[in-house]
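Chains, contacts and geometry: an overview
Each chain, written out:
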Amino acid sequence: SQQGEEDPQALSIQEGENATMNCSYKTSINNLQWYRQNSGRGLVHLILIRSNEREKHSGRLRVTLDTSKKSSSLLITASRAADTASYFCATDESGANNLFFGTGTRLTVIP
Amino acid sequence: EAGVAQSPRYKIIEKRQSVAFWCNPISGHATLYWYQQILGQGPKLLIQFQNNGVVDDSQLPKDRFSAERLKGVDSTLKIQPAKLEDSAVYLCASSGGGRALNEQFFGPGTRLTVL
């Protein structure tokens, strides 16, 4: 089994700035998902991008996927203090929704 | 809709003791997962159920961990005997309902401390 790796491990930005975090993985995937985890709401699904998609948007979130480089990025625009959380990428290799989570990026948004 | 329920939220035990966690998934979700999340790491899948059958338990330390989902609804995860390295948050998730079949919905987790 393979696990994604997020980069950077930690990121601190001012409110209103954009935050970009990256995920790299090692094998072929069916889809890649991003999750957010904070103490208040636990682990929450943000967005899913399928292997045949290159970019997806949801509100202030933009996800890209480059299967040739086995990498994905999550962009959060106009960040808010409430975006402070850990962000994880998770890959679905088999299509069985058996997810492998990365190590996470800890984002701190300073008001 | 009601979310994934887990209990207890916190548990402190001594090493070599036993402990059990309970999970009630979102109504109608056929797939249930148990994850272990050690501090500073991402969740690691322990076991996946489809209804009451096991789909994947390759990462479950079967010498001490067991899980069941007898009626295809709620599930229990047991550790017997516990070791210090079992200290972690145990997350339950479910999927299979609604428009996003691949989205997993997570419960609040049970934080286990083994002393």
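Now for a look at the structure at hand. Bear in mind the structure is a predicted one, so any value in this text is a computation, not a measurement.

What counts and what doesn't
- Residues numbered from 1 in each chain as written.
- Chains lettered and ligands numbered in written order.
- Predicted model: local features only at pLDDT ≥ 70, side-chain atom pairs only at ≥ 80, totals over all residues.
- Heavy atoms only, no water.
- Helix = DSSP H or I, 4+ residues; strand = E, 2+ residues; numbered from the N terminus.
- Rg over C-alpha atoms; globule rule 2.2 N^0.38 Å.
- Buried < 20%, exposed > 50% of the residue type's maximum accessible area, 1.4 Å probe, protein only.
- Contact = heavy atoms within 4.5 Å.
- Areas by Shrake-Rupley, 256 points an atom, 1.4 Å probe, with all protein chains shown as cover.
- Lys, Arg positive; Asp, Glu negative; His and termini not counted.
- Charge placed at Lys NZ, Arg CZ, Asp CG, Glu CD.
- Buried area = accessible area lost by both parts, 1.4 Å probe.
- Salt bridge = Lys/Arg side-chain N within 4 Å of Asp/Glu carboxyl O.
- Polar contact = N/O pair within 3.5 Å; in protein donor to acceptor, adjacent residues only side chain to side chain.
- Nonpolar A, V, L, I, M, F, W, Y, C, P; charged D, E, K, R; others polar.
- Disulfide = S-S within 2.5 Å.

1. Concerning the overall build of chain B
Within chain B, the secondary structure is distributed over zero helices and 11 strands. Reading the helices (α) and strands (β) of chain B from amino to carboxyl end gives β-β-β-β-β-β-β-β-β-β-β. Relative to its length of 115 residues, chain B is compact, with a C-alpha radius of gyration of 13 Å against a globular reference of 13 Å. With the C-alpha coordinates aligned to their principal axes, the bounding extent of chain B is approximately 45 × 25 × 20 Å. Across the 115 residues that make up chain B, the buried fraction comes to 44%. In chain B, 53% of the contacts between residues at least 6 apart in sequence involve partners at least 24 apart. Accessible surface computed for chain B: about 5,800 Å², of which carbon and sulfur atoms make up 50%. When the 13 basic and 10 acidic side-chain charges of chain B are each reduced to a single mean position, those positions are 4 Å apart.

2. Details of the overall build of chain A
If you tally the helices and strands in chain A, you get zero helices and 11 strands. Walking chain A from its N terminus toward its C terminus, one meets helices and strands in the order β-β-β-β-β-β-β-β-β-β-β. Taking 111 residues into account, the globule formula puts the C-alpha radius of gyration at 13 Å, and chain A, at 13 Å, falls close to it. Reported as C-alpha extents along the three principal axes, the dimensions of chain A are approximately 40 × 25 × 20 Å. Surface exposure of chain A reaches about 5,200 Å², of which carbon and sulfur atoms provide 44%.

3. Points about the interface of chain A and chain B
On the chain B side, the residues contacting the 19 residues of chain A number 18 residues. Interface of chain A and chain B: buried area, both sides summed, is about 1,400 Å²; carbon and sulfur atoms make up 43% of it. Connecting chain A to chain B are zero salt bridges. Counting across the interface, chain A meets chain B through three residue pairs in polar contact (both at pLDDT 80 or more). When residues of the side of chain A that touches chain B are traced back to their parent elements, those giving at least two are β4 (31–38), β5 (42–50), β9 (85–92) and β10 (99–101) of chain A. For the side of chain A that touches chain B, a count of residues per class yields eight nonpolar, nine polar and two charged.

4. Looking at the state of the cysteines
For the structure on display, the rule yields two disulfides over all chains. Here A:Cys23 is linked by a disulfide to A:Cys89, with a sulfur-sulfur distance of 2.0 Å. Between A:Cys23 and A:Cys89 the sulfur-sulfur dihedral comes to about 65°; the bridge is accordingly right-handed. With A:Cys23 in strand β3 (residues 19–24) and A:Cys89 in strand β9, this pair connects stretches of sequence that are 66 residues apart. The two residues A:Cys23 and A:Cys89 agree in class, both being buried. Between the sulfur of B:Cys23 and that of B:Cys92 lies a disulfide, 1.9 Å long from S to S.

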